[in-house]
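Each chain, letter by letter, is given below.
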Amino acid sequence: MDTDRRQAARRVSWAAFIGTTIEWYDFFLYGTAAALIFNKQFFPAMDPVAGSIAAFGTMTVGFLARPLGGVIFGHFGDRIGRRNTLVVSLMIMGLGTTLIGLLPTYSSIGIWAAVLLVVMRIAQGVGLGGELGGAVVLTMEHAPKGRRGLFGAFPMMGTPAGMLCANLVFLGTSSLLGEESFTAWGWRVPFLLSVVLVGIGLYLRLRIEESPDYANLVERRKPVRLPVAIVLRDHWRQVLHTIGVIVGNSSVAYIFMVYILNYGEAEVGLSRTFLLTCVIGGAAVWLATAPLWAHLGDRHGLRALFSWGSVVLLAGTVAFLPIVNTGNTTLIAVFMVAMGAVLAVTHAPQGTLTAGFFPVSIRYSGTSVAYQLASLLGGGITPLIAASLFAATGTSLSITGYLTAVTVISLVSALVIPRNDAERLDGPLPAGDGRPAAAGITK
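Residues numbered from 1 in each chain as written. Predicted model: local features only at pLDDT ≥ 70, side-chain atom pairs only at ≥ 80, totals over all residues. Heavy atoms only, no water.

The helix and strand inventory of the protein stands at 21 helices and 0 strands. Looking at the protein residue by residue over its 443 residues, the buried ones come to 61%. A fraction of 86% describes how many contacts in the protein between residues 6 or more apart in sequence connect residues 24 or more apart. Summed over all atoms, the accessible surface of the protein reaches about 16,100 Å², with 68% contributed by carbon and sulfur. (Helix = DSSP H or I, 4+ residues; strand = E, 2+ residues; numbered from the N terminus. Buried < 20%, exposed > 50% of the residue type's maximum accessible area, 1.4 Å probe, protein only. Contact = heavy atoms within 4.5 Å. Areas by Shrake-Rupley, 256 points an atom, 1.4 Å probe, with all protein chains shown as cover.)

With 19 residues, helix α4 (residues 82-100) extends 28 Å between its outermost C-alpha atoms, agreeing within 8% with the 27 Å of an ideal straight helix rising 1.5 Å per residue. Regarding α4, the residues found buried are R82, T85, L86, V87, S89, L90, M93, G94, G96, T97, T98 and I100. (Expected span 1.5 Å × (residues − 1).)

This part covers the nonpolar core. By size, the foremost hydrophobic cluster in this structure holds 90 residues, and its most contacted members are F38, M257 and I260. If one sorts the elements of this core by residue count, helix α14 (residues 236-268) sits on top with 15 residues. (Core = buried A, V, L, I, M, F, W, Y, C linked by side-chain atoms within 4.5 Å.)

On to the packing of aromatic side chains, then. For the coordinates displayed, the defined rule picks out 9 aromatic pairs. Each ring, one from W187 and one from F191, has its centre 6.0 Å from the other, and the planes form 85°; the classification is edge-to-face. No difference in accessibility class separates W187 from F191, as the two residues are buried. Centroid distance F256 to F320: 6.3 Å. Interplanar angle 45°. Geometry classified as tilted. Placement of F256 in helix α14 and of F320 in helix α16 (residues 302-325) is noted, with a sequence separation of 64 residues between them. In terms of burial, F256 and F320 fall into one category: buried. (Phe/Tyr/Trp six-rings, centres within 6.5 Å; stacked < 30°, edge-to-face > 60°.)

It is worth spelling out α14 at this point. Note on helix geometry: an α-helix contains 3.6 residues per turn, so any two residues three or four positions apart are oriented the same way. Along its length, α14 shows its largest kink, about 60°, at Y259. Just downstream of α14 lies G269, where phi reads positive at about 85°. (Bend = angle between axes of the 7 residues up to and from the residue.)

Turning to the pattern of salt bridges, a few remarks are in order. Following the criterion strictly, the structure yields 6 salt bridges and no others. In this structure, E209 engages R11 in a salt bridge whose closest nitrogen and oxygen atoms are separated by 3.0 Å. With E209 in the loop between α11 (194-205) and α12 (212-220) and R11 in helix α1 (residues 2-36), this residue pair connects regions lying 198 residues apart in the sequence. Of the residues examined, E209 reaches a relative accessible area of 42% and is grouped as partly exposed. Relative accessible area serves as the criterion here: at 39%, R11 is assigned to the partly exposed category. One salt bridge in this structure joins R82 and D78, with 2.8 Å as the shortest N-O distance. Comparing R82 with D78, the two get one shared label, buried. Among the ionic contacts, a cluster of salt bridges with common partners joins D78, R82, E141 and R363. (Salt bridge = Lys/Arg side-chain N within 4 Å of Asp/Glu carboxyl O.)

As a further point, take the environment of K222. Counting through the fold element by element, K222 comes out in the loop between α12 and α13 (227-234). Taking relative accessible area as the criterion, K222 reaches 75% and is therefore assigned exposed. A sequence separation of 143 residues divides K222 from R79, and the C-alpha atoms of the two residues are 8.7 Å apart.

Mapped onto the secondary structure, T21 falls in helix α1. In contact with T21, not counting residues within four places along its chain, are G158, A161, G162 and C165.

Here the structure, examined in full by the defined rule, presents 3 cavities of 30 Å³ or more. Here the largest cavity defines a volume of roughly 100 Å³. What lines the largest cavity is a set of 14 residues, among which W24, S250, Y254, H347 and Y371 lie closest to the centre. Taken together, the elements giving at least two residues each to the lining of the largest cavity come down to α1, α14, α17 (329-355) and α18 (363-380). If one sorts the elements of the lining of the largest cavity by residue count, α14 sits on top with 5 residues. Looking at the lining of the largest cavity, its residues break down into 7 nonpolar, 6 polar and 1 charged. (1 Å grid on protein atoms, 1.4 Å probe; cavity = no way out; pocket = protein on both sides within 12 Å on 5 of 7 lines; lining within 4 Å. Points joined across faces, edges and corners; volume = space filled by probe spheres on them. Nonpolar A, V, L, I, M, F, W, Y, C, P; charged D, E, K, R; others polar.)

A grouping of I109, I111, W112, V115, L116 and V119 is seen on the molecular surface, where their side chains present a nonpolar patch of about 530 Å² in accessible area. No other element matches helix α6 (residues 111-129), which puts 5 residues into the nonpolar patch. Along the polypeptide, V115 turns up in helix α6. (Patch = residues over 30% accessible without salt bridge, like charges linked within 9 Å, V, L, I, M, F, W, Y side chains within 5 Å.)

The predicted model of the protein averages 83 in pLDDT, with 89% of residues at 70 or higher. Helix α20 (residues 397-415) holds the highest mean pLDDT among the elements of the protein, 93, whereas helix α21 (residues 419-424) holds the lowest, 48. Taken as a whole, residues 421-431 scores under 50 in pLDDT and shows 31 contacts with residues more than four places along the chain or in a different chain. Predicted confidence for residues 433-443 stays below pLDDT 50, and this span has 31 contacts to residues more than four positions away or in other chains. (pLDDT = per-residue confidence, 0-100.)

Take L36: it is sitting in helix α1. For L36, a relative accessible area of 3% corresponds to the buried category. Note: C-alpha distance between L36 and L261 (225 residues apart in sequence) is 7.2 Å. Setting aside residues no more than four positions away along its own chain, L36 makes contact with F170, L261, E265, R272 and L276.

Structure (structure tokens):
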């Protein structure tokens, strides 16, 4: 029986990894296009700075929709099960992305092009809002004892893998077609490829099993009727704590993945190809090192790993934009590749670390709502804040100051996780009906 569970855990882990990779491919594709293309195709009437702010603003709309997706899919994930809910979230995400590739631009229908772009971005946000939290929950609930950090890292690895795929496809398409053709119509190709990837993801997800922890819970009692209401009423402290833990990595990651493409080209004079190559290199290192950090988290404690990783992330944050501002391509390339490993230290364990804050009966809802709110306050608004800060101050020091502040918040949030709760993550996962215990983070 133990062997069967391990095999099921491996299948679920790889299916979660492939599924989240596809979801993040779709989401990051939009971010890359927002930095390089959408200001020209959908907001050409604005000056370049205003057009970039508008393009990043439409990206932020997707983050605004992600908590809604977390609420919707969290509800059904706790009511009817994890697996089927994740299948639907993948379909919605893929549909939104594919339709972006078919949208008319400003030159064809004027302002309505931007309106339709926002609608599709909302669909992407709703789909992704139900994805990552559910994938982490499903994977860690299947994981063997003592390996929850490693198995829970597989869906987290979909973030750098999706970024890697999105930028490789974007770079490859632009190189093959040339600047003029790519800007005119070639940018649509990466979005249209999503329909193929989603088909692969759905095939894998339909072949996995439901979480044994959830199945055991349903055998003992009926699912909670309104899991999100219980999360917001009784577990709001855990939600705030989760936001604090995640917001630093999310903010720095989106400067690294998205904003730097626009800033480096417009303000430092670096080429688009060079910047995309650096991001791809960083994503590859992020993906390659994530399992190592997760394994160390299982051995030495997820809380300890995250805390030390936050210190390293803080140092990298302070140095990031000043190094880019040097214009030294060798130095920039080495640093951005190294930043992939730095981001992985805090990203790999954070899914398991925070999902463990919530009981089984409300875990999908609690994890999804908390994670998506953190992503909105972190990655969702950070490129927009960065562009606005630079426009207002004319210096990247204001951006560095902002990133430093949110990274410190995450470091402090990790340090105040009670040690007994960090140790609990290596023992039995909390069950219960979602009502809080008299003391501690969860029942």
